[in-house]
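# A closer look at the structure
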Amino acid sequence: MEKNGNNRKLRVCVATCNRADYSKLAPIMFGIKTEPEFFELDVVVLGSHLIDDYGNTYRMIEQDDFDINTRLHTIVRGEDEAAMVESVGLALVKLPDVLNRLKPDIMIVHGDRFDALALATSAALMNIRILHIEGGEVSGTIDDSIRHAITKLAHYHVCCTRSAEQHLISMCEDHDRILLAGCPSYDKLLSAKNKDYMSIIRMWLGDDVKCKDYIVALQHPVTTDIKHSIKMFELTLDALISFNKRTLVLFPNIDAGSKEMVRVMRKKGIEHHPNFRAVKHVPFDQFIQLVAHAGCMIGNSSCGVREVGAFGTPVINLGTRQIGRETGENVLHVRDADTQDKILQALHLQFGKQYPCSKIYGDGNAVPRILKFLKSIDLQEPLQKKFCFPPVKENISQDIDHILETLSALAVDLGGTNLRVGIVSMKGEIVKKYTQFNPKTYEERINLILQMCVEAAAEAVKLNCRILGVGISTGGRVNPQEGVVLHSTKLIQEWNSVDLRTPLSDTLHLPVWVDNDGNCAAMAERKFGQGKGLENFVTLITGTGIGGGIIHQHELIHGSSFCAAELGHLVVSLDGPDCSCGSHGCIEAYASGMALQREAKKLHDEDLLLVEGMSVPKDEAVGALHLIQAAKLGNAKAQSILRTAGTALGLGVVNILHTMNPSLVILSGVLASHYIPIVKDVIRQQALPSVQDVDVVVSDLVDPALLGAASMVLDYTTRRIH
C-alpha cells in the first residue's frame, strides 16, 4: 500500500441507489476490481434499482460481472414528499446490520439523492470513513441541500470542477482531503463516440431513424415545486408532438411527483404515439451512443448539462432544476418554460446543431486519480473530521500527489515553415514544445496537427498539466467565431475555407479557438508581455511574412470581415516590388523574411553577398540571416537593402501612429531587433510631433504566436469557470 498505514487491503463499500449514480460509480468499481492486491470491493444495492417500474436496473450491475453483496429494499412507494422521508427512514433502519456485517474501511457515496443521505448518515454514525463523489456542485431544488449535507458528513471529497473544489474549500472542508479528479463517467464517455452506434439507434428508435435526426427527452420532477414541474412536463410533451421528430422519452426518477408525470405521459398517449418511444431504462453504454448522436437532448437531467457536453450535442435545459450548474456552449437554458411556444422555439434553435466538445466536468483520467487517492488514505489517522474555518486560502487544495495540477492550454502555431505545438501554463510558461516542418498538403497538415495535439495532450497528464482547451494561431484571414481559415497566405498551401475547430474538438474533446497569427501575437503581449495593462497598442510581427494585431480599449480588433490589422500589406511605395498578396510596394514586399531572402539570393547569384569571414555551405539555402550577417561584416549592398527594408517598415509604423494613435508599438519576430533603430529614425523624420514620443519596443516574448494561441484558451476558460 502507498500510504494507508497498514499492510492489509483496503475494504471499500460502494453503495448505488439508481441508474444515474451507477453510471458514475461503475468506472470506479471497475478500477477497484482491476487492483485486487490493494482493494476488496463490496457492492450494496438499494433504492430504485430494485423496483420493476424503474427497470430493475440492478441487473445491469450483475451484467457488468459485479457480485452484489447486499440488496436492500428501501423505497416506500407513493412518489410524494412523505414517501421520500419514509424511504430515508427505512434505509436508516436497515443499513446498520449491513454495515456491521461488511465492516468496510471506507464507503463511497455519490451525489445528492435522498438514498445517498441515508447512506452517509449511517456510515458517519457508525464511524466508517466516507468518500463523497461530486460534492461542491450547485444545481437547484432540494438536491443542493442534500448534497451539501453529505459533504459535511463525508471525510474525503472527489469533485469534478475547479469551482466545485472552491465551494468545498469555502465550506471549510480540509484542503488535504479534496481531490479534483473530474467526473468518473467521462473516463467512459471520451472513448465512446467512435463505437458502432446505428444499431443502437435503430434498436431504441426504429429502423428508419437517421443519426442527428431524433431527440432524447429526460425530465424529472422538481421536488420544491412539484405542481409547476408537472405542468412544464406537459408543455414539453406538447412541444415535442408539434416538433414532429422521433423522440426517445425516458421515464422520470423516483422523486416526489414522478407518478403524476407518468400519468401525463399516458394521458397524452406517448407510449403509443408513432413518433415516441417511451422507456424505463437504457443501459449506460447505449445511452451514451444515443445522446452522442442525437439532434438534441431536452429536459432537466444533470446528464444534459454534464455528460452530453462531451459530445457537443445541443441541449435544452428546462426550468430551475440545474440552474446553478456549470455548462458548455451546447446548453440553451429555458428557465421560465411556462409556454409551449418557448420550448418549441428552443427546439428550432438547437435541433441539429453541433457544438465544440466540452471537458468542463472531466478529461478522462478521473479513475486513476481516485484510485491513487484511495491508496493514500491513512487508516491510522484520527477519524474525527477537521474543518478549516476562514480565512480560506486560495487555490491550495491538493491533488493526490499534493501538487496542484497546472491549468494549461494546448497551443498550436501554424507558420509558413514550421508547425509547432506547445503546452502553456497560466503564467505563460511553455512547459513543453514540439516542432515539425509544415507539410505542403491539407491532408498531411491536418493529420500532423491532430497527431501532435494528441501526443501533447497525453504528455500533459504525465507533466501534471490540466489542459483547458486548444488555441490555434495560423497565417491568413480567420473567422474566429466559427474557427475557420477563410483565405490563407501563399506561404501555406491548400489552406482556404478550412474548419479547424471541428476535427480538433471531435478528436480531443476540448473547446478550440482559432485566430490569425498577428492577432495572436497581440493577445500574447496583452496577457504576458509589454502590452499588459495597456488600453491601446499595436503589435507587428517580422517573420517569414509581416503581420500584426491591434488592441483598442483592451479588446482585439477583428474588423467587419476579419481583415483588420493586415499591417504587412500597408502600401508604402506605389512602384515598389511585387508582394505575395498581388499588390506592389507593401511592407511585406520589403521587410519580410521572404523579401530579404529574395534580395540575398540576388546578391549571392551576382557574387556580391559573401565577404571576408563569411561562407554559405553548398547544402544550405541562402536566406535573410545571411544578408544580416553580411551587413554586420560591412557589406555595403546588404546594409543598403536592410536600411530600405527598415525604412519601409518605419513608414508603415508612421501610418499606424497617424491612424490608430496607440500608446505603444511592439515589434516581434526574428528580424525585429535589426529593424528597431531604423524604424525609430523614420519616426523622428516622418511622424507628426504629437506621435513622435510613442515608444517602439522589441518584444521580450520568445514565442508570441504560441503564447497568444494559449491566451485565447486561458482567458476564456478561466473567466467562464470563475
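Residues numbered from 1 in each chain as written. Predicted model: local features only at pLDDT ≥ 70, side-chain atom pairs only at ≥ 80, totals over all residues. Heavy atoms only, no water.

Pairing of strand S18 (residues 477-479) with strand S19 (residues 484-487) involves three bridges; the strand directions are antiparallel. The partner of asparagine 479 across the bridge, within S19, is valine 484. Counting the residues between successive antiparallel strands, the hairpin from S18 to S19 contains four residues, one of them, glycine 483, with a positive phi of roughly 70°. Summarising the sheet, S19 and strand S20 (residues 498-499) pair through two bridges and their orientation is antiparallel. Looking at S20, one finds that valine 484 is bridged to aspartate 499. (Pairing = 2+ DSSP bridges. Helix = DSSP H or I, 4+ residues; strand = E, 2+ residues; numbered from the N terminus.)

Here we take up the UniProt feature "active site" (unreviewed entry) in the protein. Mapped onto the present numbering, the UniProt feature "active site" (unreviewed entry) falls on Asp517. Ignoring anything within four residues of it in the chain, the contact list for aspartate 517 reads Ser473, Thr474, Gly475 and Ile541. (UniProt positions renumbered as here; feature names shortened; annotations may be inferred. Contact = heavy atoms within 4.5 Å.)

For the protein, the domain assignment lists domain 1 (10-183 + 366-376), domain 2 (195-350), domain 3 (401-529) and domain 4 (530-700). Between domain 3 and domain 4, the C-alpha centre-to-centre distance is 25 Å. Listed as interface residues are 22 residues of domain 3 and, on the opposing side, 28 residues of domain 4. Summed over both sides, the interface of domain 3 with domain 4 buries roughly 1800 Å², with 58% coming from carbon and sulfur. Linking domain 3 with domain 4 are zero salt bridges. (Domains from an automatic or database assignment. Buried area = accessible area lost by both parts, 1.4 Å probe. Salt bridge = Lys/Arg side-chain N within 4 Å of Asp/Glu carboxyl O.)

This part takes up unusual backbone geometry. Positioned with a positive phi, cysteine 172 is a non-glycine residue whose angle comes to about 75°. As for its position among the elements, cysteine 172 is in the loop between helix H6 (162-170) and strand S7 (178-180). Of note in this structure, alanine 565 is not a glycine but carries a positive phi near 65°. By the secondary structure assignment, alanine 565 is in the loop between strand S24 (555-556) and helix H18 (587-591).

Another point: the nonpolar core. In this structure, Met107, Leu119, Ile215, Ile298, Ile316, Leu318 and Leu347 are the most contacted members of the largest nonpolar core, which totals 61 residues. At nine residues, helix H9 (residues 226-243) tops the list of elements feeding residues into this core. The two domains that each donate at least three residues to this core are domain 1 (10-183 + 366-376) and domain 2 (195-350). Residue contacts for isoleucine 316: discarding those within four places in its chain leaves Cys296, Met297, Ile298, Gly299, Leu332, Val334, Ala346, Leu347 and Gln350. Core analysis: the next-biggest nonpolar cluster, separate from the first, contains 46 residues, Val538, Leu567, Ala631 and Tyr675 among them. (Core = buried A, V, L, I, M, F, W, Y, C linked by side-chain atoms within 4.5 Å. Buried < 20%, exposed > 50% of the residue type's maximum accessible area, 1.4 Å probe, protein only.)

What follows concerns the environment of arginine 246. Position of arginine 246 relative to the elements: it lies in strand S9 (residues 246-250). Given the relative accessible area of 13%, arginine 246 is considered buried. Apart from residues no more than four positions distant in its own chain, arginine 246 is found in contact with Leu205, Gly206, Asp208, Val209, Tyr214, Ile215, Pro274, Asn275, Phe276 and Arg277.

Before going further, it helps to examine the packing of helix H3 (residues 81-102) against helix H4 (residues 114-125). For the pair H3 and H4, the least separation of the axes is 9 Å and the interaxial angle reads 40°. Regarding the angle of H3 to H4, the classification is oblique. Our pair here, H3 against H4, has a crossing hand that is right-handed. Note on element contacts: H4 touches H3 through Phe114, Ala118, Leu119, Thr121, Ser122 and Ala123, opposite Met84, Ser87, Val88, Ala91, Leu92, Leu95 and Leu99. Looking at the contact of H3 with H4 residue by residue, the class counts come to 10 nonpolar, three polar and no charged. (Axes fitted to C-alpha atoms, helices over the stretch in contact; angles between N-to-C directions. Parallel < 35°, antiparallel > 145°, perpendicular 65-115°, else oblique. Left-handed = near helix turned anticlockwise from the far one by under 90°. Nonpolar A, V, L, I, M, F, W, Y, C, P; charged D, E, K, R; others polar.)

A few words on the UniProt feature "binding site: Zn(2+)" (unreviewed entry) in the protein. Per the UniProt annotation, the sites labelled "binding site: Zn(2+)" (unreviewed entry) are His569, Cys579, Cys581 and Cys586. Taken along the chain, the residues just named run across 18 residues; in space they keep tight, none of their C-alpha pairs more than 8.8 Å apart. Locating histidine 569 in the fold gives a position in the loop between S24 and H18. Residue class for cysteine 586 comes out buried when judged on its relative accessible area of 1%. Excluding residues that lie within four positions of it along the chain, cysteine 586 makes contacts with Gly568, His569, Leu570, Val571, Val572, Cys579 and Cys581.

Position of cysteine 579 relative to the elements: it lies in the loop between S24 and H18. For cysteine 579, a relative accessible area of 8% translates into the label buried. In contact with cysteine 579, not counting residues within four places along its chain, are His569, Cys586, Glu588 and Ala589.

Attention now goes to the pattern of salt bridges. Oppositely charged side chains can form a pair if their charged atoms are brought close together. Within the structure shown, the criterion is met by 39 salt bridges. Note that aspartate 112 and arginine 147 form a salt bridge whose closest N and O atoms lie 2.7 Å from each other. In this pair, aspartate 112 is assigned in the loop between strand S4 (106-110) and H4 and arginine 147 in helix H5 (residues 141-153), connecting sequence segments 35 residues apart. Lysine 268 is paired through a salt bridge with glutamate 234; the nearest N and O atoms lie 3.8 Å apart. A residue pair is termed long-range when its members are at least 10 positions apart, and lysine 268 in the loop between helix H10 (258-267) and strand S10 (276-279) and glutamate 234 in helix H9 qualify at 34 residues. Taken together, the salt bridges that share partners define one network made up of Lys24, Asp112, Glu134, Glu137, Asp144, Arg147, Arg306, Glu307 and Arg325.

Time to look at the sheet that holds strand S25 (residues 664-668). Strand order across the open sheet formed by five strands is S24-S23-S22-S25-S26, with mixed pairing between neighbours. What marks the edges here is a single partner per strand, and that holds for S24 and strand S26 (695-698). Where strand S22 (residues 537-542) lies against strand S23 (residues 546-552), six bridges are found, and the strand directions are antiparallel. Residue leucine 540 lies in a different strand from S23, and its bridge partner there is glycine 548.

Our focus in this paragraph is the packing of aromatic side chains. Across all of its chains, the model carries five aromatic pairs by this definition. Relative to phenylalanine 66, the ring of phenylalanine 30 has its centre 4.8 Å away and its plane inclined at 50°; by these criteria the two rings are tilted. Of this pair, phenylalanine 30 sits in helix H1 (residues 19-33) while phenylalanine 66 sits in the loop between helix H2 (58-63) and strand S3 (68-72), and the two are 36 residues apart along the sequence. Phenylalanine 66 gets classed as buried once you look at its relative accessible area, which sits at 5%. (Phe/Tyr/Trp six-rings, centres within 6.5 Å; stacked < 30°, edge-to-face > 60°.)

Given 3.6 residues per turn, any residue in an α-helix points the same way as the ones three and four places further on. Those residues of helix H16 (residues 501-508) that fall on the buried side of the exposure criterion are Arg501, Leu504, Ser505 and Leu508. In a view along the axis of H16, the buried residues occupy a sector of 100°, so they form one face of it. Buried residues along H16 sit in contact with strand S14 (406-414), helix H15 (442-462), strand S17 (465-474), S20 and strand S21 (512-516). A positive phi of about 55° marks histidine 509, the residue just after H16. (Arc of directions from axis to C-beta.)

With that settled, consider the pairing of S25. Counting buried positions along S25 gives five out of five residues, so the element sits mostly inside the fold. Residues Leu664, Ile666 and Ser668 of S25 are buried on one face, and the alternating residues Val665 and Leu667, pointing to the opposite face, are buried as well. Sheet topology places S22 next to S25; four bridges connect them, and they run parallel. Bridge pairing in S25 links isoleucine 541 to serine 668. The pairing of S25 with S26 spans four bridges and is parallel. In the strand pairing of S26, leucine 664 is matched with aspartate 695. The parallel pair S25 and S26, bridged by helix H22 (residues 672-686), forms a crossover whose chirality is right-handed. (Right-handed = clockwise from strand over helix to strand, strands pointing away.)

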